[in-house]
Amino acid sequence: MSETKEKILKINDLDITFKTTAGPVHAIRGVNIDLYKGETVAIVGESGSGKSVTMKAAMGILASNAVVDSGSIEFTYSHADGSKETVDILTQDKKWIRKHINGKRIAMVFQDPMTSLDPTMTIGKQIMEGMIWHFKTPKKEAWDKAVELLKEVGISDAEKRMKNYPHQLSGGMRQRVVIAIALACNPDLLICDEPTTALDVTIQAKIIELIKKIQDERGISVIYITHDLGVVAKVADYVNVMYAGKIVEKGTIDEIFYDPRHPYTWGLLSAMPDLNTDDHRLYTIPGSPPNLLHEKTGDAFAPRNRYALEIDDKLEPPMFQVSDTHYAATWLLDERAPKVEMPAELKARIERMKEEAKKNGSEL
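Keep in mind that this is a model prediction, so the values were computed, not measured.

J.: Sorry if this is basic, but what is going on with the sheet that holds strand β10 (residues 246-252) here?
T.: Within a sheet, each strand pairs with its neighbour through backbone hydrogen bonds, oriented either parallel or antiparallel. Taken in spatial order, the eight strands line up as β6-β7-β8-β3-β9-β10-β12-β11 in an open sheet, and their pairing is mixed. With partners counted over all chains shown, the strands left at the sheet margins are β6 (106-109) and β11 (320-321), one partner each. Examined bridge by bridge, strand β7 (residues 189-193) and strand β8 (residues 221-226) share five bridges and lie parallel to one another. Within β8, the position partnered with Ile 191 by the bridge is Ile 223. Helix α7 (residues 171-183) contacts β6 and β7 of the sheet and is inclined by roughly 175° relative to β6.

J.: What am I meant to see in the side chain of Ser 270 here?
T.: Within the element layout of this structure, Ser 270 appears in helix α11 (residues 263-270). Judged by relative accessible area, which is 15%, Ser 270 ranks as buried. One polar contact links the side chain of Ser 270 to the main-chain carbonyl oxygen of Trp 266, over a distance of 2.8 Å. Those residues within four positions of Ser 270 in sequence are excluded, and the remaining contacts are Tyr 283, Leu 346 and Arg 349.

J.: Where do I start with the packing of aromatic side chains in this structure?
T.: Given two aromatic rings, their pairing is described by the distance between the two centres and the angle made by the two planes. Tallied over the entire structure, the rule returns six aromatic pairs. Relative to Trp 331, the ring of Phe 320 lies with its centre 5.9 Å away and its plane at 65°, an arrangement referred to as edge-to-face. Of this pair, Phe 320 sits in strand β11 while Trp 331 sits in the loop between β12 (327-328) and α12 (344-360), placing them 11 residues apart in sequence. A residue is classified by how much of its surface remains accessible, and Phe 320, at 16% relative accessible area, is buried. The exposure class assigned to Trp 331 is buried, which follows from its relative accessible area of 9%. Following the ring pairs from residue to residue traces out a cluster consisting of Tyr 243, Tyr 264 and Phe 301. Sitting over the face of the ring of Trp 133, Arg 98 holds its NZ or CZ atom 5.0 Å from the ring centroid.

J.: Help me out: how do you make sense of helix α8 (residues 201-218) in this one?
T.: Given 3.6 residues per turn, any residue in an α-helix points the same way as the ones three and four places further on. Between its first and last C-alpha atoms α8 spans 26 Å; for 18 residues at 1.5 Å apiece the expected length is 26 Å, and the two agree. Those residues of α8 that sit buried are Gln 204, Ile 207, Ile 208, Leu 210, Ile 211, Ile 214 and Gln 215. Down the axis of α8, the sector holding all buried residues measures 155°, keeping them to one side. In α8, those exposed residues whose orientation departs by more than 90 degrees from the buried face are Thr 202, Asp 216 and Glu 217. For α8, the elements touching its buried residues are β3 (40-44), α5 (139-152), α7, β7, β8 and α9 (229-235).

J.: Would you take a moment to explain the sheet that holds strand β1 (residues 7-20) for this structure?
T.: Within the open sheet, the four strands sit side by side as β2-β1-β4-β5. Their pairing is antiparallel. Lying at the two open borders of the sheet, with one neighbouring strand each, are β2 (23-36) and β5 (84-88). Shown here is a sheet whose adjacent strand axes are inclined to one another by a mean of 10°, direction ignored. Of the pairings in the sheet, the one linking β1 to β2 comprises 11 bridges and is antiparallel in character.

J.: Explanation requested: the pairing of β3 in the structure shown.
T.: Every regular strand shows the same layout, with side chains that alternate between the two sheet faces. Counting buried positions over the five residues of β3 gives five, a clear majority of the element. Side-chain alternation along β3 places Thr 40, Ala 42 and Val 44 on one buried face and Val 41 and Ile 43 on a second face that is also buried. Of the strand pairs in this sheet, β3 and β8 are connected by five bridges, and their pairing is parallel. Bridge pairing in β8 places Thr 40 opposite Val 222. Bridging between β3 and strand β9 (residues 238-243) involves four bridges; their strand directions are parallel. Residue pairing across strands places Val 44 opposite Val 241, the latter belonging to β9.

J.: Sorry if this is basic, but what is going on with the pattern of salt bridges here?
T.: Side chains that differ in sign of charge can pair as their charged atoms come close. Per the stated rule, a full pass over the model turns up 19 salt bridges. With a closest N to O distance of 3.9 Å, Lys 358 and Glu 355 form a salt bridge. Here Glu 355 and Lys 358 lie together in helix α12, a separation of three residues that amounts to about one turn. Among the residues examined, Glu 355 registers a relative accessible area of 44% and is labelled partly exposed.

J.: Help me understand the UniProt feature "domain: ABC transporter" (unreviewed entry) in the protein chain, please; the structure alone is not making it clear to me.
T.: Following the UniProt record, one finds the feature "domain: ABC transporter" (unreviewed entry) at residues 11-269. When the span residues 11-269 is considered, its composition is 39% helix and 29% strand, and the gap between its end C-alpha atoms is 26 Å.

J.: How do you make sense of the pairing of β1 when you look at a structure like this?
T.: The loop that links β1 with its antiparallel partner β2 comprises two residues. The pairing of β1 with strand β4 (residues 66-78) spans eight bridges and is antiparallel. For Thr 17, the partnering residue across the bridge sits in β4 and is Val 67.

J.: Explanation requested: the packing of α7 against α8 in the structure shown.
T.: At a minimum axis distance of 10 Å, the contact between α7 and α8 shows a crossing angle of 20°. It follows from the interaxial angle that α7 and α8 lie roughly parallel. Note on packing geometry: the crossing formed by α7 with α8 is right-handed. Between α7 and α8, the contacting residues are Gly 172, Gln 175, Arg 176, Ile 179 and Leu 183 on the first element and Ile 203, Lys 206, Ile 207, Leu 210, Ile 211, Ile 214 and Arg 218 on the second. A breakdown of the residues in the contact of α7 with α8 according to their chemical character gives seven nonpolar, two polar and three charged.

The rules behind the values
- Residues numbered from 1 in each chain as written.
- Predicted model: local features only at pLDDT ≥ 70, side-chain atom pairs only at ≥ 80, totals over all residues.
- Heavy atoms only, no water.
- Pairing = 2+ DSSP bridges.
- Helix = DSSP H or I, 4+ residues; strand = E, 2+ residues; numbered from the N terminus.
- Contact = heavy atoms within 4.5 Å.
- Axes fitted to C-alpha atoms, helices over the stretch in contact; angles between N-to-C directions.
- Buried < 20%, exposed > 50% of the residue type's maximum accessible area, 1.4 Å probe, protein only.
- Polar contact = N/O pair within 3.5 Å; in protein donor to acceptor, adjacent residues only side chain to side chain.
- Phe/Tyr/Trp six-rings, centres within 6.5 Å; stacked < 30°, edge-to-face > 60°.
- Lys NZ or Arg CZ within 6 Å of the ring centre and 35° of its normal.
- Expected span 1.5 Å × (residues − 1).
- Arc of directions from axis to C-beta.
- Salt bridge = Lys/Arg side-chain N within 4 Å of Asp/Glu carboxyl O.
- UniProt positions renumbered as here; feature names shortened; annotations may be inferred.
- Parallel < 35°, antiparallel > 145°, perpendicular 65-115°, else oblique.
- Left-handed = near helix turned anticlockwise from the far one by under 90°.
- Nonpolar A, V, L, I, M, F, W, Y, C, P; charged D, E, K, R; others polar.

Following this line, the structure appears as structure tokens:
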């Protein structure tokens, strides 16, 4: 299906190490991600798994102590005359990236709107800034466009809000403003880094709906960074599950939710709250994520994996192909491995999810 589509981002064998006072931290280990025009890809994993670092590399905004050991990040975009160009963002300098990429072609929505908005500038000025900087848009035109953007993201009384400062708005409204700023230059790619974490549940749902609506209207590609599988289920076409700086499973939304193959994905799905479960306690994955200062031989997930095999302590598993779109890095998929089924409780939960999806099918 994707062959006919236009690939806009290709992250290839990305490897990043951070220099710290305690020693080198190998934060990203051979990450590969493909994104096509109009698609939504989700990157899921616990805090510290490397989700945000990967996307900051794609934006060219890595911290100064980050060293890219290997890999490429190829981004394809169109010029004003319609001609296409592909650049490796990792080979460009900061000045070029700031002028041609940041905000203009790739925009990012961060998780806490209060830290990404300037408290000393009015909302209007912050939305207009990108248009004036990138396109030399006349002030009056930029003002009118900013008012339209505020209306587009669902802020009423837009003219009045233009003159407000961030502290005068609620959390949900601030996040809408951040989305308006991200959309101001008509980017090809929107990266949403946990865009609903700082908001209450009812506002979360509205922000997710808003991003989906804007994506449908504008045909832009979206990458979601999240640890919330509930969000992923609502928005994603494809899912990449990350653990300890590596993608351990990738597939379509249905493959990851209905046919997960990696024990870590089993754990993430089991840990989702479920009203119909027989368990009285919420499932948690045992142990804690590894300290990447001390790299482990073999599979990084092995110490937390109750299905771990002897080989997991010796060799890192390769990506095994399950289908054309589904891959998982676990030795359990090796033909020599003992046959291990996913936990019975998770199997029952997936059946319930399928039933629910069928019931809601008419409404989707």
